[in-house]
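# Coordinates in review
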Amino acid sequence: MTVERVILIAIWIVCIILIPIKIPKHRTREAVLLFLSTQMVAWIMSLLLVEWQAIANPIREFPAASGSNFTNNYIFFPMVSTLFALYYPSRNSGVIKFFYHLRIVLFLAIYLTLVSSFTDILKYVHFNIVLHTVLLWLVLNAVRTYVEWFYQRKIQKEG
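Starting afresh in each chain, residues are numbered from 1 along the sequence in its written order. Reporting in this predicted model follows two pLDDT cut-offs: at least 70 for local features of residues, and 80 or more for side-chain atom pairs to be given and counted; totals over whole chains, interfaces and linings ignore these cut-offs and use all residues. With hydrogens and water excluded, all non-hydrogen atoms of the structure serve as input to the side-chain values.

### A few points about the overall build of the protein
The condition that has to hold: Every helix listed is a DSSP run of H or I at least four residues long, and every strand listed is a run of E at least two residues long, numbered separately from the N terminus. In this scheme, a residue with accessible area under 20% of its type's maximum is buried, one over 50% is exposed, and one in between is partly exposed, where area comes from a 1.4 Å probe on protein chains only. Here, two residues are considered to be in contact whenever any of their heavy atoms come within 4.5 Å of each other. Residue exposure ignores everything except the shown protein chains as possible cover, and the areas themselves are Shrake-Rupley values with a 1.4 Å probe. Under the counting rule used here, the positive set is Lys and Arg, the negative set is Asp and Glu, and His together with the chain ends is not counted. The atom standing in for a charge is NZ when the residue is Lys, CZ when it is Arg, CG when it is Asp and CD when it is Glu.
The secondary structure content of the protein amounts to 5 helices and 2 strands. Along the protein, from the amino end to the carboxyl end, the secondary structure elements read α-α-β-α-α-β-α. Overall, the C-alpha framework of the protein stretches about 50 × 30 × 25 Å when taken along its three principal axes. Here the protein holds 159 residues, and 40% of them are scored as buried. Expressed as a percentage of contacts within the protein between residues at least 6 apart in sequence, the contacts between residues at least 24 apart total 73%. Only carbon and sulfur atoms are counted for the fraction: they give 70% of the accessible area of the protein, which is about 9600 Å². Of note, the protein has its 14 positive side-chain charges centred 11 Å away from the centre of its 7 negative side-chain charges.

Right, here's the structure in full:
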């Protein structure tokens, strides 16, 4: 088994273990909406980036079906996005929010740098790590804002 396959399997194991540990039972519905919304956006984004030949995924789970990497785009990033939104410090100061964003973005940047530098899971063709990280940050915040809006509207209708 190659290093790439071990990394992909490890991501699955870690994400499956994190679900019951980090997602509170009373916020399960919100977590599902976050996860599925992020999957939708990540799917479109990854397909466009692969189609425009901005990135390449030489090692992927379904090579005949798509040029995008299933684990990164449909498991890992949606899990990070879900945890980002569930634990977002919306009632804290701007400084706390800034460092919260910085921590998540640095985590994603380090992961993408390591994966693109040392494995064949991700290769940048006409794209770079900075643009990819900014794009992921935009997706994180767009999905978080969408779910906050969705649940705010639901609460207002019930009240």
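Moving on from the coordinates now.
### Concerning helix 2 (residues 28-51)
Convention followed: To estimate how far a helix should reach, multiply one less than its number of residues by 1.5 Å.
Here helix 2 contains 24 residues, and its C-alpha end-to-end distance of 34 Å stays within 8% of the 34 Å for a straight helix at 1.5 Å per residue. Among all positions of helix 2, only Glu30, Ala31, Leu33, Leu34, Ser37, Thr38, Gln39, Ala42, Met45, Ser46 and Leu49 are buried. With its phi angle positive at about 60°, Gln53 sits one or two positions after the end of helix 2.

### Considerations on the UniProt feature "transmembrane region" (unreviewed entry) in the protein
Threshold: UniProt positions are given in the numbering used here, feature names are shortened, and annotations may be inferred rather than shown by experiment.
Per the UniProt record, the feature "transmembrane region" (unreviewed entry) sits at residues 6-24, 31-50, 70-88, 100-119 and 125-147. Counting secondary structure, residues 100-119 comes out at 95% helix and 0% strand; the distance between its end C-alpha atoms is 28 Å.

### A word on the pattern of salt bridges
Pairing is possible between side chains of opposite charge, provided their charged atoms come close. The line we're drawing: The term salt bridge refers to a pairing of a side-chain nitrogen on Lys or Arg with a carboxyl oxygen on Asp or Glu at a separation within 4 Å.
Tallying each qualifying case throughout the model produces 3 salt bridges. Linking Glu30 and Arg27 is a salt bridge whose minimum nitrogen-to-oxygen distance equals 2.9 Å. Residue class for Arg27 comes out partly exposed when judged on its relative accessible area of 23%. The salt bridge involving Glu148 is made with Arg144; its shortest N-O contact spans 3.1 Å. On the criterion of helical spacing, the pair formed by Glu148 and Arg144 is a turn pair, its members being 4 residues apart in helix 5 (residues 129-158).

### Considerations on the nonpolar core
To keep it simple, the criterion reads: To define a nonpolar core, start from buried Ala, Val, Leu, Ile, Met, Phe, Trp, Tyr and Cys residues and group those joined through side-chain atoms within 4.5 Å.
Among the nonpolar cores identified, the biggest contains 37 residues, and Phe77 and Leu108 are the most heavily contacted of them. Of all elements in the fold, only helix 1 (3-22), helix 2, helix 3 (70-86), helix 4 (94-118) and helix 5 reach the threshold of two or more residues within this core. Aside from chain neighbours lying at most four places away, what touches Phe77 is Thr38, Ala42, Asn72, Leu108, Leu136, Val139 and Leu140.

### A few points about the packing of helix 1 against helix 3
Using the following cut-off: Fitted lines through C-alpha atoms give the axes, limited to the stretch in contact for helices. The angle between two N-to-C directions lies from 0 to 180 degrees. In this scheme, roughly parallel covers angles under 35 degrees and roughly antiparallel covers those over 145, while 65 to 115 is roughly perpendicular and the rest are oblique. Throughout, a crossing is termed right-handed when the near helix is turned clockwise from the far one, and left-handed when it is turned anticlockwise from it by less than a right angle.
Where helix 1 meets helix 3, the closest approach of the two axes is 10 Å, and the angle between their N-to-C directions is 30°. Judged by the angle between their axes, helix 1 and helix 3 are roughly parallel. Between helix 1 and helix 3 the crossing geometry is left-handed. Contacts between helix 1 and helix 3 pair Leu8, Ile11, Trp12, Cys15, Leu18, Ile19 and Lys22 from the former with Phe70, Thr71, Asn72, Ile75, Phe76, Met79 and Leu83 from the latter.

### Section: the side chain of Glu30
Structurally, the position occupied by Glu30 is in helix 2. When its relative accessible area of 18% is taken as the criterion, Glu30 is described as buried. Residues within four places of Glu30 in sequence aside, it is in contact with Leu86, Val147 and Tyr151.

### Considering the packing of helix 2 against helix 3
The test is simple: Residues are grouped as follows: Ala, Val, Leu, Ile, Met, Phe, Trp, Tyr, Cys and Pro are nonpolar; Asp, Glu, Lys and Arg are charged; every other residue, Gly included, is polar.
At their nearest, the axes of helix 2 and helix 3 sit 8 Å apart, and the two run at 135° to each other. Here helix 3 runs oblique to helix 2, going by the angle between their axes. Of the two elements, helix 2 crosses helix 3, and the hand of that crossing is right-handed. On the side of helix 2, the interface is formed by Glu30, Ala31, Leu34, Phe35, Thr38, Gln39, Ala42, Trp43 and Ser46, while helix 3 contributes Asn73, Tyr74, Ile75, Phe77, Pro78, Met79, Ser81, Thr82, Ala85 and Leu86. Tallied by class, the residues present in the contact of helix 2 with helix 3 amount to 12 nonpolar, 6 polar and 1 charged.

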